[in-house]
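Here are the chains, one letter per residue:
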Amino acid sequence: MNGKTFESSMRSRYFKQRLFFGAVRLSALVITLALLGILAYILDNGFRAVTWEFITQPPTDSMTKGGIMPAIVGTLYLTVGAILVALPLGVVSAIFLTEYAKQGALTRIIRIGVNCLAGVPSVVFGLFGLGFFVVFLKFGSSILAGALTLGILILPTIIGAAEEALKAVPQTFREASLALGVSKWNTIFRIVLPSALPGILTGAILGVGRAAGETAPIMFTAAAFFTAVLPKSIFDEVMALPYHIYVLATAGTHIEETRPLQYGTVLVLIALVLGIDLIAIIMRSMFRRNKRW
Amino acid sequence: MRKLFQQLILGGFCLAIGAGTAFAENMVIKGSTTVLPVAQAALEAYMKANPGAKISLSGGGSGEGIKALIDGSTDIANSSREIKSAEVELAKSKGVQPKEIAVAIDAIVPIVNPKNRVKELTIDQLSQIYQGKIKNWKEVGGDDLQIVVISRDSSSGTFEAWGEMVLNKAKVTPKAQMQASNGAIVQAISKNRYAIGYIGFGYINKTVKPLTVNGVAASAKTALSKEFPVSRHLYMYTNGAPKGETAKFIKFILSSEGQKLVAKEGFVPLPADKKGKK
Amino acid sequence: MKTRKNILTKRTEEIAIRNLFGFFAFLSVLLLGLILVFLFREGLPLFKQISVADFLFGTAWYPTYDPPEYGIWPLIVGSLVVTFFACLIAVPLGFLSAVYIAEIAPAGIKEILKSVIELLAGLPSVVLGFFGMVIVGPWLQETFDLPTGLNIANAAVMLAIMAIPTISSLSEDALYAVPREFKEASYALGATRYETIIRVVVPAALSGISTAVILGMARAIGETMVVLMVAGGAAAVPGGIFDAVRPMTASIAAEMGEAPFRSGHYHALFATGIVLFVITLAFNLIADTISNRFRETGSGTL
């Protein structure tokens, strides 16, 4: 017989397992602590700054006092604009890919295109937005240019989410509808799409969260350090929350004094983005639980 | 189909509104972060006196401001350096006539961390430090510590002016850390006892220690008399002579009220005889 | 007769809709192409002034001097080094957490951890850059008595936080896709859970996991705000992990505003954008090929 008994080899095998499981649990713990740590720091340093005045007043005294209202409004305009661009385009593209497209070269090219678009770095979007929307189309640095750039940025996200939502609709729905003599388009429009709507909405919300937090695409296409009044047309520049954080922390005139305001702005932005993401996560799990076919 | 149609109409509607109001007057100011506090203080005071005005202000550096002027995307370009002849040519080739208006006087002051023993440097020492040839504080009378060189990004007029007046256009060592603004340099130096940086006079505060250059301390007096070797004008450039809202704003800055704001932000107001002329 | 006409118009309507939608779907490809066209249109003129080799391998980045120098090798190295160290942290953490979620965690903890990772993914990059600049930087500087806290180490940690969600969720999907029969067979042969995971499940999911890692790397190398605020900005090839660097993304973002339209500097920045785009494109295409090529982790049952 060999030297190792069955028991001792089992012991060493289970020992390795315990080590591995320990490492695995440790990594999960580290990641959770990282998130909580970041949130805790920002909450701790920022919550004093976030008062009702902070959210509703514009900045004064070289940004050392006052609030960030124009930045909130600007971010709102930019994200609404981005979704207005990306949602119709994305849903239509997803419908084509799931309902109409044949498995051929065209579909493959489109999919590769969408995947590659998803991988383009945000600063390259900024470069493109600058070269194309701001200069070539002469929109200037404006809400329009910024929203268009952000829209292209989140387009792959929307397409992905919409595709998933459409694929989740059971094939039986379509078959029943077609069997009743309904045309393909009407089937999609009146049966498939409404069923997929919650999933599409979730994707749209996640896209909004992403667009709200991006800085590089709007640095040269829409954002200004300080606008004296709220934008009145889509050709105006705006302040925006992520850009505001960046300029206050690096390019501002009173970096140390505005530190509490920076934390406050970060807190508002995180609350906005994470709040949006949480809503989407909850919506998604609600709909998953309700689907019972 | 109906949804798509509705969205198209909504979009077109928005565009229509947008295009209509795009013709409302909107003044854009971009450029130097050195001039930024002056521009912002002036903007806030101007807004109180003229509540209807729509003005947007950005930093980014003198290079950005001038580029925006050339590209036609700004009305006023703040600059802490003179416009380069290559930029003037580029502007003219695009039909832009840059007009230079001096609005204040400034000194660029080298600063170190308050824990640093060194109090004074000569221009030559500064030049060698920034070129990376002097690497340790003990070579200039300080402790045995590595010198960390902090500089501005190339879009900065302060960077250009420093390069001209101190380095004589020699190249800054590539190991220099780049910060995006005067404020960022103040922040970096205040936390770092190895570092040296340079900032506009108006940014000096208690967290950093200014050095004397060639034995001269920077002050309003020495900047004006040019006794302090690294002193310069701050400018606003416009396309041709300023008109309309732009003219009103510039006039405000050059007025005694505006120049008081200049002094309040820590810069040197223009001497009474030289206002606006160059 | 009416029925036939109705059917015909319905058919044309269907075909029209299909083509219209197809066009919109193709728009993504068109946009990608447009981006490429613009990058090349604004970037290629640089190479009238300087050769491609000098651009890619030149070590001096002095675009605003007279005469300007456009060597981006230090920038490329900066991007690669920061990505490498970020992955050193992110790949183990991302992979192990994916294993935990997919195989080991009890249901309640699984949901919580998935939400944690999704929230982490939602953190805007400027927030992480802020955190790195304001908290991690000074901490690093004091703890290790460094000349500066804004360096490769700082950037690597913050970038890892951005890459972990990508690596983790994609790896988790890959692990889920492994058929239950594989695991059941392994257990039936007497393997422990650990041995099953390491020797059966992970190898079966390897293509998905490598896709996840590659996409995580692509995410890290393309990230802008974090490295802009935290990596230090020195355009020099680094000597150690506590040196400052200037990755390509940070350089573009920092200098884009000041390069006059169609000047040499402007072209140089777009050319840098081309290099960046090509690198991330390569990563994405490799990931795509791997995931397409090895999708046949099928299952056979009797």
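Residues numbered from 1 in each chain as written. Chains lettered and ligands numbered in written order. Predicted model: local features only at pLDDT ≥ 70, side-chain atom pairs only at ≥ 80, totals over all residues. Heavy atoms only, no water.

Draft legend 1. Quick peek at the overall build of chain A. Secondary structure assignment for chain A yields eleven helices and three strands. Sequence-ordered secondary structure for chain A, helices as α and strands as β, is α-α-β-β-α-α-α-α-α-α-α-β-α-α. Taking 2.2 N^0.38 as the reference for a compact globule, 293 residues should give roughly 19 Å; the C-alpha atoms of chain A span a radius of gyration of 25 Å, well beyond that estimate. Taking all 293 residues of chain A together, 57% fall into the buried category. Of the roughly 12,400 Å² that chain A leaves accessible, carbon and sulfur atoms contribute 67%. Taking the 24 positively charged and 14 negatively charged side chains of chain A as two groups, their mean positions are separated by 15 Å. (Helix = DSSP H or I, 4+ residues; strand = E, 2+ residues; numbered from the N terminus. Rg over C-alpha atoms; globule rule 2.2 N^0.38 Å. Buried < 20%, exposed > 50% of the residue type's maximum accessible area, 1.4 Å probe, protein only. Areas by Shrake-Rupley, 256 points an atom, 1.4 Å probe, with all protein chains shown as cover. Lys, Arg positive; Asp, Glu negative; His and termini not counted. Charge placed at Lys NZ, Arg CZ, Asp CG, Glu CD.)

Draft legend 2. Inspection of the overall build of chain B at higher detail. When its secondary structure is counted, chain B shows ten helices and eleven strands. A total of 278 residues make up chain B; the buried ones form 56% of that total. Put simply, of all contacts in chain B between residues at least 6 apart along the chain, 75% involve residues at least 24 apart. A total of about 11,600 Å² of accessible surface is found on chain B, and carbon and sulfur atoms cover 57% of it. (Contact = heavy atoms within 4.5 Å.)

Draft legend 3. Up close: the interface of chain C and chain A. At the interface, 76 residues of chain C touch 76 residues of chain A. Carbon and sulfur atoms supply 81% of the area buried between chain C and chain A, which totals about 7,000 Å² over both sides. Inspection of the region where chain C meets chain A yields two salt bridges. The salt bridge involving C:E118 is made with A:R284; its shortest N-O contact spans 2.9 Å. When residues of the side of chain C that touches chain A are assigned to their parent elements, the largest contribution, 20 residues, is made by helix 1 (residues 2–43) of chain C. The residue makeup of the side of chain C that touches chain A, split by class, is 53 nonpolar, 14 polar and nine charged. (Buried area = accessible area lost by both parts, 1.4 Å probe. Salt bridge = Lys/Arg side-chain N within 4 Å of Asp/Glu carboxyl O. Nonpolar A, V, L, I, M, F, W, Y, C, P; charged D, E, K, R; others polar.)

Draft legend 4. How the structure looks around empty space enclosed by the protein. Per the counting criterion, the structure on display carries three cavities of 30 Å³ or more. What the largest cavity holds in volume is close to 180 Å³. Around the largest cavity, the lining comprises 19 residues; the ones closest to its centre are B:M178, C:W61, C:Y62, C:P63 and C:A235. Looking at the lining of the largest cavity residue by residue, the classes come out as eleven nonpolar, four polar and four charged. A volume near 80 Å³ is recorded for the second largest cavity. If you go around the second largest cavity, the residues you meet are A:T227, A:A228, A:V229, A:L230, A:P231, A:D236, A:E237, B:N26, B:K54, B:I55 and B:S56. For the lining of the second largest cavity, a count of residues per class yields five nonpolar, three polar and three charged. (1 Å grid on protein atoms, 1.4 Å probe; cavity = no way out; pocket = protein on both sides within 12 Å on 5 of 7 lines; lining within 4 Å. Points joined across faces, edges and corners; volume = space filled by probe spheres on them.)

Draft legend 5. Structural view of the packing of helix 4 (residues 107–122) of chain C against helix 6 (residues 152–176) of chain C. All names here are of chain C. Contact pair helix 4 / helix 6: the axes reach a minimum separation of 8 Å and the direction vectors enclose 135°. One way to sum up the angle between helix 4 and helix 6 is to call them oblique. Considering the relative orientation of helix 4 and helix 6, their crossing is left-handed. From helix 4, K110, K114, I117, L120 and A121 reach across to helix 6, where they touch I161, P165, S168, E172 and Y176. Here the contact of helix 4 with helix 6 is built from residues that sort into six nonpolar, one polar and three charged. (Axes fitted to C-alpha atoms, helices over the stretch in contact; angles between N-to-C directions. Parallel < 35°, antiparallel > 145°, perpendicular 65-115°, else oblique. Left-handed = near helix turned anticlockwise from the far one by under 90°.)

Draft legend 6. Focus on the pairing of strand 11 (residues 231–239) of chain B. Residues and elements named next belong to chain B. Burial analysis of strand 11 places eight of its nine residues in the buried class, the great majority of the element. Two elements, strand 3 (residues 76–79) and strand 11, share four bridges in a ladder whose sense is antiparallel. For A77, the partnering residue across the bridge sits in strand 11 and is Y237. Across nine bridges, the pairing between strand 4 (residues 98–112) and strand 11 is antiparallel. Along strand 11, the bridge assignment pairs K99 with T238. (Pairing = 2+ DSSP bridges.)

Draft legend 7. Broad picture of the pattern of salt bridges. For the structure on display, the rule yields 19 salt bridges over all chains. Note that C:K114 is salt-bridged to C:E172, the shortest N-O span being 3.1 Å. Here C:K114, found in helix 4, pairs with C:E172, found in helix 6; they are 58 residues apart in sequence, far enough to count as distant. What makes C:K114 partly exposed here is its relative accessible area of 31%. With relative accessibility at 5%, the residue C:E172 sits in the buried group. What you see here is one network of salt bridges that share partners, running through A:R111, A:E163 and A:K167.

Draft legend 8. Seen up close, the nonpolar core. Counting residues in each nonpolar core, the largest one holds 277 residues, and the members touching the most others are A:Y246, B:Y130, B:W162, B:I196, B:F249 and C:L175. No fewer than three residues from each of domain 1 (2–48) and domain 2 (54–297) of chain C sit in this core. Among the nonpolar cores identified, the runner-up in size contains six residues, and C:I221, C:F283, C:A287 and C:I290 belong to it. (Core = buried A, V, L, I, M, F, W, Y, C linked by side-chain atoms within 4.5 Å. Domains from an automatic or database assignment.)

Draft legend 9. Layout of the interface of chain B and chain C. Counting residues at the interface gives 30 residues for chain B, matched by 29 residues for chain C. Both sides together, the interface formed by chain B and chain C hides about 2,400 Å², and carbon and sulfur atoms give 50% of it. Together, B:K67, B:K171 and B:Q177 form the three largest contributors to the area buried by chain B at its contact with chain C, with a combined 22%. Seen at the junction of chain B and chain C, the total is two salt bridges.

Draft legend 10. Main features of the packing of aromatic side chains. By the definition in use, this model includes 31 aromatic pairs over all chains. Pairing A:F132 with A:F133 gives two aromatic rings, centres 5.1 Å apart and planes at 65°, and the pair type is edge-to-face. Measuring from centroid to centroid gives 5.5 Å for C:F57 and C:W73, while their planes differ by 45°, and the two rings are tilted. With C:F57 in helix 2 (residues 52–57) and C:W73 in helix 3 (residues 73–104), this residue pair connects regions lying 16 residues apart in the sequence. Take C:W73: its relative accessible area is 30%, and that puts it in the partly exposed class. Above the plane of the ring of C:Y62 lies B:K171, whose end atom (NZ or CZ) is 5.2 Å from the centre. (Phe/Tyr/Trp six-rings, centres within 6.5 Å; stacked < 30°, edge-to-face > 60°. Lys NZ or Arg CZ within 6 Å of the ring centre and 35° of its normal.)

Draft legend 11. Local environment of helix 6 of chain C. Residue and element names in this part refer to chain C. For helix 6, which comprises 25 residues, the first-to-last C-alpha distance of 35 Å matches the rise-based estimate of 36 Å (1.5 Å per residue) to within 8%. By the largest-angle criterion, A163 marks the main kink of helix 6, which is about 35°, and a proline, P165, follows within four residues. At the N-terminal boundary of helix 6, the capping side chain belongs to N151, with an oxygen 3.2 Å from the backbone nitrogen of A153. (Expected span 1.5 Å × (residues − 1). Bend = angle between axes of the 7 residues up to and from the residue. Polar contact = N/O pair within 3.5 Å; in protein donor to acceptor, adjacent residues only side chain to side chain.)

Draft legend 12. Spotlight on unusual backbone geometry. Residues and elements named next belong to chain B. Its identity is not glycine, yet K169 carries a phi of approximately 70°, on the positive side. Structurally, K169 is set in the loop between helix 6 (157–165) and strand 7 (177–179). The class for K169 is exposed, based on a relative accessible area of 59%. Here N214, not a glycine, exhibits a phi torsion of approximately 55°, which is positive. For N214, the location among the structural elements is in the loop between strand 10 (212–213) and helix 8 (220–224).

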